[in-house]
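Understanding the architecture of this molecule
Chain by chain, the residues:
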Amino acid sequence: MQLALSTWQEVESYLKTSTGIIVPIGSVEQHGPIGLIGTDHLSSEFVARGVGEAIGAMVAPTLAYGMSQHHLGFTGSVTLRPSTLIALVGDVVESLAVHGFRRFFFVNGHGGNIASVTAAFDQIYAARSLGEARPAVHCRMSFWFGPRTKALIGELFGDKDGSHATCSEVSLVQYAHQEAIKHAEMTPFQAPRSHGFFDAADYRARFPDGRIGSASSLASPEAGKRLYETAVADMTEAYQAFLEY
Ligand code: NI
């Protein structure tokens, strides 16, 4: 069930059955020569909607933009400042909490969001702990890949998956958007590994084609289909456990 495709009366009815909602979050940033700029939000959205369809959970509109300052050296990348992302997450949660939502499960596609979203959750809890009269809420964020999906990624790509523009995320999005599959020669075949980076110019100098540690050309929509099915199963289980916690 998608919030964006529901009426307010349907949301009221849903809240009589559950106070949980799934919020996909990602980024708008380069993903190397064949990965799409939307990779991170398209992947989290695809899996989150899969969970929504599987168990009738409410899925919020995707928070497409994320904290991507280090990708700004590549055309088309967009970043929110950490403070903007913290404010965005806080306002989304507090708005939905006004209406009765109490369990917020963020499905994430981008590691760069973790610090800011975690800070947003702490801001939300701090308001309550400091005595503001707001309803108690639980928030959690998980990458779209759970334990079984991680095992499958290892089986499919081993140490070629990498840590940015990974074979797994590119595959998932190829399966979701077969109309936008790209092909390109990549040298080296597997991009350099990361030992950290700083700002956008530094990132671009270290990782010239945008990838980190990945051999993205191993990606395929067939692998993406297997990853999708496993990830939906993983996230369904994680969401249901979160609701019970
Ligand atoms: Ni990504």
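Quick note: structure is the one above.
This text gives an overview of the structure that appears in the document. (Residues numbered from 1 in each chain as written. Predicted model: local features only at pLDDT ≥ 70, side-chain atom pairs only at ≥ 80, totals over all residues. Heavy atoms only, no water.)

Notes on the overall build of the chain
Tallying secondary structure elements over the chain gives eight helices and four strands in all. When the helices and strands of the chain are listed from N to C terminus, the series reads α-β-α-β-α-β-α-β-α-α-α-α. Compactness check: the chain gives a C-alpha radius of gyration of 18 Å against a globular reference of 18 Å for 245 residues, within 12% of the reference. With respect to the three principal axes, the spread of C-alpha positions in the chain is 55 × 35 × 30 Å. (Helix = DSSP H or I, 4+ residues; strand = E, 2+ residues; numbered from the N terminus. Rg over C-alpha atoms; globule rule 2.2 N^0.38 Å.)

Brief notes about the nonpolar core
Ile 22, Ile 25, Val 89, Val 93, Phe 101, Phe 104 and Phe 106 are the most contacted members of the largest nonpolar core, which has 48 residues in total. Here this core takes eight residues from helix α8 (residues 221-244), the largest share from any one element. (Core = buried A, V, L, I, M, F, W, Y, C linked by side-chain atoms within 4.5 Å. Buried < 20%, exposed > 50% of the residue type's maximum accessible area, 1.4 Å probe, protein only.)

Things to note about the coordination of the nickel ion
Only His 31 (NE2), Asp 40 (OD), Glu 169 (OE) and Glu 169 (OE) from the protein reach the nickel ion as donors, at distances of 1.9 to 2.8 Å. Coordination at the nickel ion comes from four donor atoms whose angles at the metal span 50 to 136 degrees, giving a geometry best classed as irregular. Site description for the nickel ion: donor spacing in sequence, H-x8-D-x128-E. Remark: Glu 169 occurs in helix α6 (residues 167-176) and His 31 occurs in the loop between β1 (20-25) and α2 (39-55); sequence separation between them is 138 residues. Look at His 31 and you get buried, because its relative accessible area is 1%. (Donors = N, O, S within 2.8 Å, 3.2 Å for Na, K, Ca; no water. Tetrahedral: all angles 85-135°; square planar, octahedral: opposite > 155°, others 65-115°.)

Some details on the sheet that holds β1
In space, the four strands of this open sheet follow the order β2-β1-β3-β4, with parallel pairing throughout. In this open sheet, the two edge strands, each paired with only one partner strand, are β2 (58-59) and β4 (138-143). Its contacts with the sheet put helix α4 (residues 114-129) on β1, β3 (103-108) and β4, and the angle it makes with β4 is roughly 170 degrees. Strand contacts of α8: β1, β3 and β4, with the helix running at about 155 degrees to β3, the strand carrying the most contacts. (Pairing = 2+ DSSP bridges. Contact = heavy atoms within 4.5 Å. Axes fitted to C-alpha atoms, helices over the stretch in contact; angles between N-to-C directions.)

Overview of the pairing of β3
Most of β3 sits out of view: six of its six residues are buried. Burial along β3 is two-sided: Arg 103, Phe 105 and Val 107 facing one way and Phe 104, Phe 106 and Asn 108 facing the other are all buried. With six bridges connecting them, β1 and β3 associate as parallel partners. By the bridge assignment for β3, Pro 24 is matched with Val 107. One ladder, built from six bridges, connects β3 with β4; its direction is parallel. Bridging across to β4, Phe 104 finds its partner in Cys 139. Since β3 and β4 lie parallel, the crossover through α4 that links them has a hand, and here it is right-handed. (Right-handed = clockwise from strand over helix to strand, strands pointing away.)

So, the environment of Cys 139
Within the secondary structure, Cys 139 is located in strand β4. In this structure the C-alpha to C-alpha distance between Cys 139 and Asp 159, which are 20 residues apart in sequence, comes to 32 Å. If we ignore the near neighbours within four places in the chain, the residues touching Cys 139 are Val 93, Phe 104, Phe 121, Ile 124, Tyr 125 and Phe 242.

Describing the pattern of salt bridges
Counted by the stated rule, this structure contains 12 salt bridges. The residue Asp 234 makes a salt bridge to Arg 148 at a minimum N-O spacing of 2.8 Å. Of this pair, Asp 234 sits in helix α8 while Arg 148 is found in helix α5 (residues 147-157), placing the two residues 86 residues apart along the sequence. Given the relative accessible area of 40%, Arg 148 is considered partly exposed. Ionic pairing is found between Arg 211 and Asp 209, a salt bridge with its closest N-O pair at 2.8 Å. A relative accessible area of 1% means that Arg 211 is categorised as buried. Its relative accessible area of 22% is what places Asp 209 among the partly exposed residues. (Salt bridge = Lys/Arg side-chain N within 4 Å of Asp/Glu carboxyl O.)

Section: unusual backbone geometry
With the exception of glycine, the majority of residues adopt a negative phi angle, and the majority of peptide bonds are in the trans configuration. Residue Pro 188 follows Thr 187 across a cis peptide bond; omega there is 0 degrees. Here Pro 188 shows up in the loop between α6 and α7 (200-206).

Brief notes about helix α3 (residues 82-98)
An ideal rise of 1.5 Å per residue puts 24 Å on 17 residues; α3 measures up with 24 Å between its terminal C-alpha atoms. Along α3, the residues that are buried comprise Leu 85, Val 89, Gly 90, Val 93, Glu 94, Leu 96 and Ala 97. Within α3, the buried residues cover an arc of 165 degrees as seen down the axis, which keeps them to one side. Exposed residues on α3 whose side chains face more than 90 degrees from its buried face are Ser 83, Asp 91 and Val 98. Residues of α3 that are buried sit in contact with β1, β3, α4 and β4. Positive phi shows up at Gly 100, right after α3, with a value of about 120 degrees. (Expected span 1.5 Å × (residues − 1). Arc of directions from axis to C-beta.)

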